[in-house]
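Descriptive structure summary
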Amino acid sequence: MPQILSGKEVSLSLNEQIAARVAAGKAKTGMVPHLVAILVGNDGASQTYVGAKEKACQTVGFDSSILRYDASISQDELLAEIERINQDDTYTGLIVQLPLPNHIDEEVVTHAIHPDKDVDGFHDINMGKLAKGHPGVKPATPYGITLMLKHYGIETQGKHVVVLGRSNIVGRPMSLLLSDSSETGNATVTLCHSRTRDLASYTRQADILVVALGKPEFVGADLVKPGAVVIDVGTTRVEDTSRERGWRLTGDVLYSEVAEVASAITPVPGGVGPMTISGLMMNTLQAFERKYA
Ligand code: GUN
């Protein structure tokens with residue numbers, strides 16, 4: 001059986017480290033980091049994610065606020081709220097949970113957040129720094145995945161990593177982080193996407209395969225090299241009438257099959273999901289420490 005890479009376990013360990021640094025920061029400054037989450041509308045998954053982020057803040061000793069707005073809020077009203085938070089020194093970090101209603105331009109909203117408070121790491125300035133290998137805020141999910149690899153001692157240097165998916169939130173920044181010159185980088189990275197021809201010829205070369213497509217159970221054992229490390233970023237709600245709530249979370253990897261060939265694999269749920277939150281907590285802590293160091 002493969003090693004199970006438990007995001008739950010890693011995040012518990014990271015939470016302890018973060019809580020200790022929060023306590024040290026408080027002793028020095030009298031303050032703790034404060035994360036603000038903006039939630040627009042009532043999408044069920046977004047509410048769950050924001051609730052989990054708030055709980056994580058409580059666990060590590062951050063202050064947190066969730067600002068909820070009706071789906072009818074105008075883009076200008078939302079931008080004014082973001083600017084108010086940008087200007088207020090009591091707030092360390094700000095995230096706007098995506099997706100947003102169709103009448104709001106996510107790019108405009110993302111760029112309205114001050115780059116120093118952009119603890120999701122989505123702003124062009126932070127993505128640009130990442131692309132150039134300069135210090136900046138790293139996108140929370142790919143950053144969380146590197147924290148997980150480090151925790152389990154999974155070496156990336158010189159390895160061939162194949163990333164499936166080129167989204168701005170996961171695939172593209174993941175490829176940059178793993179190829180940069182760092183302790184959790186120095187890999188040779190191949191980025192595959194929907195137009196890649198003969199996908200299996202690439203994925204079967206991967207020592208580490210990161211799958212972020214949003215296509216439930218897309219990756220079967222035929223796409224995986226025996227002994228590979230498989231990181232599944234997918235979290236799609238699929239219908240499941242055997243459950244009271246009527247759905248279950250499914251990854252992009254066909255777990256039962258791939259677990260037979262992989263040397264290590266992340267489960268869904270309990271794998272990458274908690275690491276996104278750890279990445280966010282780390283980014284918020286670092287934003288605070290940069291400000292008050
Ligand atoms: N929607 C899905 N993932 C994320 C995330 O990491 N951050 C935000 N703000 N919205 C999301």
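A few points on the structure.

Rules used in this analysis
- Residues numbered from 1 in each chain as written.
- Predicted model: local features only at pLDDT ≥ 70, side-chain atom pairs only at ≥ 80, totals over all residues.
- Heavy atoms only, no water.
- Helix = DSSP H or I, 4+ residues; strand = E, 2+ residues; numbered from the N terminus.
- Buried < 20%, exposed > 50% of the residue type's maximum accessible area, 1.4 Å probe, protein only.
- Pairing = 2+ DSSP bridges.
- Near = heavy atom within 4 Å.
- Polar contact = N/O pair within 3.5 Å; in protein donor to acceptor, adjacent residues only side chain to side chain.
- Areas by Shrake-Rupley, 256 points an atom, 1.4 Å probe, with all protein chains shown as cover.
- Nonpolar A, V, L, I, M, F, W, Y, C, P; charged D, E, K, R; others polar.
- Salt bridge = Lys/Arg side-chain N within 4 Å of Asp/Glu carboxyl O.
- Right-handed = clockwise from strand over helix to strand, strands pointing away.

A few words now on unusual backbone geometry. Here the bond from Leu98 into Pro99 is cis, since omega is 5 degrees, no more than 30 degrees from zero. Cis rather than trans, the peptide bond between Val268 and Pro269 has omega equal to 0 degrees. Along the polypeptide, Pro269 turns up in the loop between strand E11 (264–265) and helix H10 (272–292). One non-glycine residue with positive phi stands out, namely Asp198, at about 50 degrees. Mapped onto the secondary structure, Asp198 falls in the loop between strand E6 (188–192) and helix H8 (199–203). According to the relative accessible area criterion, Asp198 is exposed, its value standing at 53%.

Residue alternation in strand E7 (residues 208–211) divides its side chains into two sets, Ile208 and Val210 and Leu209 and Val211, and both sets are buried. Across 4 bridges, strand E5 (residues 160–164) lies against E7 in parallel orientation. Opposite Val163, over in E7, you have Val210 as the bridge partner. Two strands pair when backbone bridges link them, and E7 and strand E8 (residues 229–232) are joined in this way by 4 bridges, in the parallel orientation. Across the sheet, residue Ile208 finds its bridge partner in E8, namely Val229.

Glancing now at the site of the ligand. Within the structure, the ligand sits among Lys53, Val96, Gln97, Leu98, Asp120, Phe122 and Thr276. Between the ligand and Gln97 there is a distance of 3.4 Å, counted from a nitrogen atom to a side-chain nitrogen or oxygen. Burial of the ligand by the protein amounts to 82% of the accessible area it has alone, namely 280 Å². For the shell around the ligand, the residue count by class is 3 nonpolar, 2 polar and 2 charged.

Overall, the coordinates contain 7 salt bridges when judged by the stated rule. Taking the shortest distance from any N to any O, the salt bridge between Glu183 and Lys150 comes out at 3.6 Å. Note that Glu183 is positioned in the loop between helix H7 (171–179) and E6 and Lys150 in helix H6 (residues 140–151), a separation of 33 residues in sequence. The exposure class assigned to Glu183 is exposed, which follows from its relative accessible area of 62%.

Taking burial as the measure, the 7 residues of strand E2 (residues 34–40) include 7 buried ones, the bulk of the element. Neither face of E2 is left uncovered, since the one carrying His34, Val36, Ile38 and Val40 and the one carrying Leu35, Ala37 and Leu39 both have all their residues buried. Bridging between E2 and strand E3 (residues 63–69) involves 7 bridges; their strand directions are parallel. Directly across from Ile38, in E3, lies its bridge partner Leu67. Between the parallel pair E2 and E3, the chain is carried across by helix H2 (residues 44–60), and the sense of this crossover is right-handed. Direction of pairing for E2 relative to strand E4 (residues 93–96): parallel, over a ladder of 4 bridges.

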